[in-house]
Amino acid sequence: MSNDGRDRHWRSSRLSQLGSSIFAEVASWKREAMAGGRDMIDLGIGSPDRPPLASVRNALSEAALREDSYAYPAVGSGMPFKEAAAAWMLHRFGVQADPASELVTLMGSQDGLAHLAMAICDPGDKALLPDPGYPIYGASLALAGVQAELMPLREENDYLPDLDGIPSPVWDAAKFILVNYPNNPLSAIADLSFYERLLHKAKKHDVLVVHDLAYSELAFDGCRPPSMLQLPGAFHHIVEFHSLSKSFNMAGCRIGFLVGNRDAVSALRELKDNIDYGVFTPVQEAGIAALREAMADDGRASVSAVYERRRDSFVEALRAEGWTVDKPKATMFIWAKLPKMGWDKGSDWSSRTISQEMLHSCGVAIIPGEAFGSEGEGYVRIALVEEEARLLEAARRIGCFIRGEYRDIGG
Ligand SMILES: *Cc1c(COP(=O)(O)O)cnc(C)c1O
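Thresholds applied
Residues numbered from 1 in each chain as written. Predicted model: local features only at pLDDT ≥ 70, side-chain atom pairs only at ≥ 80, totals over all residues. Heavy atoms only, no water. Core = buried A, V, L, I, M, F, W, Y, C linked by side-chain atoms within 4.5 Å. Buried < 20%, exposed > 50% of the residue type's maximum accessible area, 1.4 Å probe, protein only. Helix = DSSP H or I, 4+ residues; strand = E, 2+ residues; numbered from the N terminus. Domains from an automatic or database assignment. Contact = heavy atoms within 4.5 Å. Buried area = accessible area lost by both parts, 1.4 Å probe. Salt bridge = Lys/Arg side-chain N within 4 Å of Asp/Glu carboxyl O. Polar contact = N/O pair within 3.5 Å; in protein donor to acceptor, adjacent residues only side chain to side chain. Pairing = 2+ DSSP bridges. Axes fitted to C-alpha atoms, helices over the stretch in contact; angles between N-to-C directions. Near = heavy atom within 4 Å. Areas by Shrake-Rupley, 256 points an atom, 1.4 Å probe, with all protein chains shown as cover. Nonpolar A, V, L, I, M, F, W, Y, C, P; charged D, E, K, R; others polar. Phe/Tyr/Trp six-rings, centres within 6.5 Å; stacked < 30°, edge-to-face > 60°.

(A) Quick peek at the nonpolar core. Grouped together as the largest cluster of nonpolar side chains are 68 residues, with contacts concentrated most on Trp88, Tyr181, Leu198, Leu244, Met250 and Phe257. Elements that contribute at least two residues to this core include exactly α1 (22–35), α2 (54–65), α3 (79–93), β5 (174–179), α7 (192–205), β8 (256–260) and α10 (281–296). With eight residues, the top contributor of residues to this core is α10. Counting contributing residues per domain, this core is built from domain 1 (17–50 + 303–405) and domain 2 (54–296), each supplying no fewer than three.

See below:
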């Protein structure tokens, strides 16, 4: 036997609950395709391909050269970054938050999303999650022993949860409800009137609203996504995750923050005080530079313009190839119904088999909708994380794939 059991022994059963293994599967398809020497266009993972502004990189490197930058930063300190984050919240959304008590710095919002349930829930508690949804949401509940109540997000409801369709006992039993607009993977947006209805429900049933606003700065056609904290009385029932990853091309730096209700914020801070000692000081300084820059130019250097151009040319190119997809209003993602395959019509294509076949036959990596939950079946997610020329090449290859012109190549 080749497997002597060594790679299975020290592994908790909890790990198998950590959501989708499809991302790992897509990664292995990619390795296979690369090993075969194929040029691959990776529109899978939503990691920004461009660098942050020079001023941000300068702040990072200047701080990295200082001798005093290498002590534990400590979660509770780091006031300059929290003050910059609070100033940006005020500038961008008109939201006033106390940086000391209503804001905590995170190693990327993923850090907070992973730990929040552990900090505010007990095992056996329940929480409402979107389906499809970003995988860490479900994983964090599994780690905390919290039970997920899934809210289907469907096209006919503009991909918003049907708040009135959730039975009262489910509302009453839930500790928190998580929403994410602009949405990954759906690209859907929400407006303040939806947030008002949500806050009303949350108050009525004493549920905390957790809003993941990772894509606040990535919206098109003049749209500027609001913060839920703009609503009157929001701080009693809402916390909001912000991330510098997508807004300022800083994904690898790992910095974000949670802002809102002070009980939930301090619970997360208390947990993190036991786990890490804060974000590396140079990264905090780079974050401050990014936020200051955004306030100084009022978002004019925003990454949106780049993604908007990519969106327009890619969607038009795909349509010309015979795959009609909707133009997203926000985010870096296209959420598309499976294409009508011009060949092998009898096959029962799923989001997984189409993605796998597309990667193998024409070297374009995308993510099967199923990776985000059962409601994602029938769709795929395409990330606009390559420059326009490569996106156009991807559209051309996808066209050939749909028509079956690649059928006999590769394996
Ligand atoms: C990318 C992303 C995040 C951001 O994660 P960071 O840890 O801040 O890099 C959070 N939520 C969603 C929905 C995302 O797509």
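(B) The arrangement of the domain arrangement of the protein chain in detail. Annotation of the protein chain at the domain level lists domain 1 (17–50 + 303–405) and domain 2 (54–296). Distance from the C-alpha centre of domain 1 to the C-alpha centre of domain 2: 27 Å. Taken together, the 30 residues of domain 1 in the interface contact 29 residues of domain 2. In this assembly, domain 1 packs against domain 2 so that about 2,600 Å² is buried in total across both faces, 58% of it on carbon and sulfur atoms. Of all residues in domain 1, Thr331, Phe372 and Glu375 give up the largest surface area on contact with domain 2, accounting jointly for 23% of the area buried on that side. Our count for the domain 1 to domain 2 interface comes out at three salt bridges. Among the salt bridges present, the one from arginine 311 reaches aspartate 221, with a minimum N-O distance of 3.0 Å. One can count 15 residue pairs in polar contact (both at pLDDT 80 or more) joining domain 1 with domain 2.

(C) Looking closely at the pairing of strand β2 (residues 103–106). Going residue by residue along β2, you find Leu103 and Thr105 tucked away on one face and Val104 and Leu106 tucked away on the opposite face as well. By the bridge criterion, four bridges tie β2 to β8 in an arrangement that is antiparallel. Within the sheet, the bridge partner assigned to leucine 106 lies in β8 and is glycine 256.

(D) Highlighting the sheet that holds β5. In spatial order, the strands read β2-β8-β7-β6-β5-β3-β4; together these seven strands make up an open sheet with mixed pairing. Each having just a single partner strand, β2 and β4 (147–152) make up the two edges of the open sheet. Shown here is a sheet whose adjacent strand axes are inclined to one another by a mean of 20°, direction ignored. Two strands pair when backbone bridges link them, and β5 and strand β6 (residues 208–212) are joined in this way by four bridges, in the parallel orientation. Residue pairing across strands places phenylalanine 176 opposite leucine 208, the latter belonging to β6.

(E) Highlighting the pattern of salt bridges. In total, this model carries 28 salt bridges according to the counting rule given. Of the charged contacts, one joins glutamate 25 and arginine 352 as a salt bridge, the two residues approaching to 2.6 Å between their closest N and O atoms. A residue pair is termed long-range when its members are at least 10 positions apart, and glutamate 25 in helix α1 and arginine 352 in helix α12 (residues 351–362) qualify at 327 residues. Residue classification places glutamate 25 among the partly exposed residues on the basis of a relative accessible area of 23%. Residue classification places arginine 352 among the partly exposed residues on the basis of a relative accessible area of 24%.

(F) Spatial organisation of unusual backbone geometry. Omega for the bond connecting aspartate 131 with proline 132 falls within 30 degrees of zero, at 5°, which places this linkage in the cis form. Within the element layout of this structure, proline 132 appears in the loop between β3 (126–131) and α5 (135–144). In this chain, asparagine 184 is followed by proline 185 through a cis amide linkage whose omega measures 15°. Note that proline 185 resides in the loop between β5 and α7. We note that arginine 254 has phi near 65°; this positive angle belongs to a residue other than glycine. Among the structural elements, arginine 254 can be located in the loop between α8 (244–247) and β8.

(G) Region of the structure containing the site of the ligand. Close to the ligand lie 15 residues; Asp212, Ser243, Ser245, Lys246 and Arg254 are nearest. Within the side chain of serine 245, one N or O atom sits 2.5 Å away from an oxygen atom of the ligand. Within the side chain of lysine 246, a nitrogen or oxygen atom sits 3.2 Å from an oxygen atom of the ligand. Coverage of the ligand by the protein amounts to 95% of the 380 Å² it exposes when considered alone. Contributions of two or more residues to the shell around the ligand are made by α4 (109–120) and α8. Here the element with the most residues in the shell around the ligand is α4; it accounts for three residues. Broken down by class, the residue content of the shell around the ligand amounts to five nonpolar, seven polar and three charged.

(H) Focus on the packing of aromatic side chains. Counted by the stated rule, this structure contains eleven aromatic pairs. Here the aromatic rings of tryptophan 335 and tyrosine 379 are separated by 5.1 Å at their centres, their planes lie at 10°, and the arrangement is stacked. With tryptophan 335 in strand β9 (residues 333–337) and tyrosine 379 in strand β12 (residues 379–383), this residue pair connects regions lying 44 residues apart in the sequence. In terms of burial, tryptophan 335 and tyrosine 379 fall into one category: buried. Linked through ring pairs, Phe23, Trp335, Phe372 and Tyr379 together constitute an aromatic cluster.

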